[in-house]
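Summary of the model geometry
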Amino acid sequence: DFTKVLERLDKLEETVKQLQQSNTMLTDIVCLQHLEALPPLVEHNVAEWMKAATPSPEELQIVAEAEQHLKRHVQGVEMGGSTRKKTSVKGRSDLDAVVFLQNFDPKRIEEHKKEVRARLPDYLFKFCGETPAGNKFLFKNIGVDVLVTGKYTGQAPISYDSPDTRFYMASLTKQQSEYVLTNTGPVEVDCIRGLKVWIKRHNWTGGLRPPSSYLLEVLVIHTAAEWMRGSTMPERKLLPNNNPNRLGLLKTTLDILTRLPDATIKLPAQVPAPTIKKPYVLDPVNPSNNLLSGLKVEVLSLMFKRAIELAQ
């Protein structure tokens, strides 16, 4: 009857208003977010841009000193992060470390954090605050993140979504580092560094999070592997070291970044868990970990598209 028609029209009007509001919010976020200009996408400019992202020997020396002091004061510590993977960038070198405790219990994470913090002398490592799984310190002028974990012996997949396993994510740091080290050469590393500097330098606001360093590393490795499979040298694992490859790898990876909302990236042997929905980029060492989780991929895609258009 006429009353029901009016009710449906009211609901339709409310839905339209919600969609308009959502679209306006999205537009506002995107308009406020401008990644800095990419270099002109030609060989020489891209090569110089990547070279400028390489950390100085002085930076790497300070990181090495921090690593030595950590190992001296804390047992069961392993290094991870960009420094371990040799993909750190100039002016942003830091140190990520993981402490494996024999008595680790996720339910006692706060106690474990205090235990590890007490082992590090204040005159070397200035305490800067806690993270969900560890502590942040300052050693000279570099940041040091120290995560706490233990050896995982359970059967359930390790996932950020599970309170029982999320604090074991750090236990995969060594495998993640080895994956990146094994699958990157000079061209891949240069491309990763260029992308990191470009993306991390941006002042992220509006609740947006940038792609993680590990996600960028995995995307570059995936792009290079796909490129090699389609080349005349499919048996070669790493790209030959030349500037045409630097430019080509950057362009192809940028194209993937613009298509994140449609991503279904994984190793050939991996099978996504039933809980993982599209879009996804699976962690090569943990198929239960979607590296796109928590990212606003639609907004990121628009940002990357606009930045690339400006570089043409």
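Remember, it's a predicted structure, so these values are computed and weren't measured experimentally.

Within a sheet, each strand pairs with its neighbour through backbone hydrogen bonds, oriented either parallel or antiparallel. A sheet is described by the order of its strands in space; here 3 strands give the open sequence S6-S7-S8, paired in mixed fashion. Only two strands of the sheet have a single neighbouring strand rather than two, namely strand S6 (264–265) and strand S8 (286–290). The pairing of S6 with strand S7 (residues 280–283) spans 2 bridges and is parallel. Residue Ile265 lies in a different strand from S7, and its bridge partner there is Val281.

Mapped onto the fold, Lys196 is located in helix H7 (residues 186–200). Judged by relative accessible area, Lys196 falls into the buried class, the value being 3%. Within polar-contact distance, the side chain of Lys196 engages the side chain of Ser82 at 2.6 Å. If sequence neighbours within four positions are ignored, Lys196 has contacts with Ser82, Thr87, Val89, Arg201, Ser213, Leu216 and Glu217.

In this section: the packing of aromatic side chains. Counted by the stated rule, this structure contains 6 aromatic pairs. A ring pair is formed by Phe125 and Phe139, whose centres lie 5.4 Å apart and whose planes are at 35°; its orientation type is tilted. With Phe125 in the loop between helix H5 (109–119) and strand S3 (126–131) and Phe139 in strand S4 (residues 134–139), this pair connects stretches of sequence that are 14 residues apart. The residues Phe125 and Phe139 share a single accessibility class, namely buried. A ring pair is formed by Phe127 and Phe137, whose centres lie 5.9 Å apart and whose planes are at 65°; its orientation type is edge-to-face. Taken together, the residues span a long stretch of sequence, with Phe127 in strand S3 and Phe137 in strand S4 at a distance of 10 residues. Following the ring pairs from residue to residue traces out a cluster consisting of Phe125, Phe127, Phe137 and Phe139. The lysine or arginine in question, Arg117, covers the ring of Phe127, its NZ or CZ lying 3.5 Å from the ring centre.

Within the chain, residue pLDDT values average 86, and 87% of them lie at 70 or more. By mean pLDDT, the top-scoring element of the chain is S4 (96), and the lowest-scoring one is helix H1 (residues 2–32) (54). Scored below 50 in pLDDT, residues 28–32 shows 7 contacts in the model against residues more than four places distant or in partner chains.

Following both chains from N to C, one finds H7 and helix H9 (residues 243–258) inclined at 50°, their axes separated by 9 Å at the closest point. The pairing of H7 with H9 is recorded here as oblique in orientation. Seen along the crossing, H7 lies across H9 with a hand that is right-handed. For the pair H7 and H9, contact is made by Pro186, Val187, Glu188, Asp190, Cys191, Leu195 and Trp198 and by Asn245, Arg246, Leu249, Leu250, Thr253, Leu254 and Leu257, respectively. When the residues that make up the contact of H7 with H9 are grouped by side-chain class, the tally is 9 nonpolar, 2 polar and 3 charged.

Below, the discussion takes up the environment of Val180. With respect to the helices and strands, the residue Val180 is situated in helix H6 (residues 173–182). In this view, Val180 contacts Lys85, Thr87, Tyr214, Glu217 and Ile221; residues no more than four positions away in its chain are not counted.

The next subject is the side chain of Thr184. Structurally, Thr184 is set in the loop between H6 and H7. A polar contact of 2.6 Å, which involves the side chain of Thr184, links it to the backbone oxygen of Val180. If we ignore the near neighbours within four places in the chain, the residues touching Thr184 are Val189, Ile192, Ile221 and Leu238.

All right, on to the nonpolar core then. If you look at the biggest cluster of nonpolar residues, it comprises 47 residues, and the most contacted ones within it are Trp198, Leu250 and Val281. Going through the elements one at a time, helix H2 (43–51), H6, H7, helix H8 (213–229), H9 and helix H10 (297–311) are the ones with two or more residues in this core. For this core, the element with the highest residue contribution is H8, accounting for 9 residues. Ile62, Val63, Val74 and Ala97 belong to the second largest nonpolar core, which has 29 residues in total.

Parameters and conventions
Residues numbered from 1 in each chain as written. Predicted model: local features only at pLDDT ≥ 70, side-chain atom pairs only at ≥ 80, totals over all residues. Heavy atoms only, no water. Pairing = 2+ DSSP bridges. Helix = DSSP H or I, 4+ residues; strand = E, 2+ residues; numbered from the N terminus. Buried < 20%, exposed > 50% of the residue type's maximum accessible area, 1.4 Å probe, protein only. Polar contact = N/O pair within 3.5 Å; in protein donor to acceptor, adjacent residues only side chain to side chain. Contact = heavy atoms within 4.5 Å. Phe/Tyr/Trp six-rings, centres within 6.5 Å; stacked < 30°, edge-to-face > 60°. Lys NZ or Arg CZ within 6 Å of the ring centre and 35° of its normal. pLDDT = per-residue confidence, 0-100. Axes fitted to C-alpha atoms, helices over the stretch in contact; angles between N-to-C directions. Parallel < 35°, antiparallel > 145°, perpendicular 65-115°, else oblique. Left-handed = near helix turned anticlockwise from the far one by under 90°. Nonpolar A, V, L, I, M, F, W, Y, C, P; charged D, E, K, R; others polar. Core = buried A, V, L, I, M, F, W, Y, C linked by side-chain atoms within 4.5 Å.

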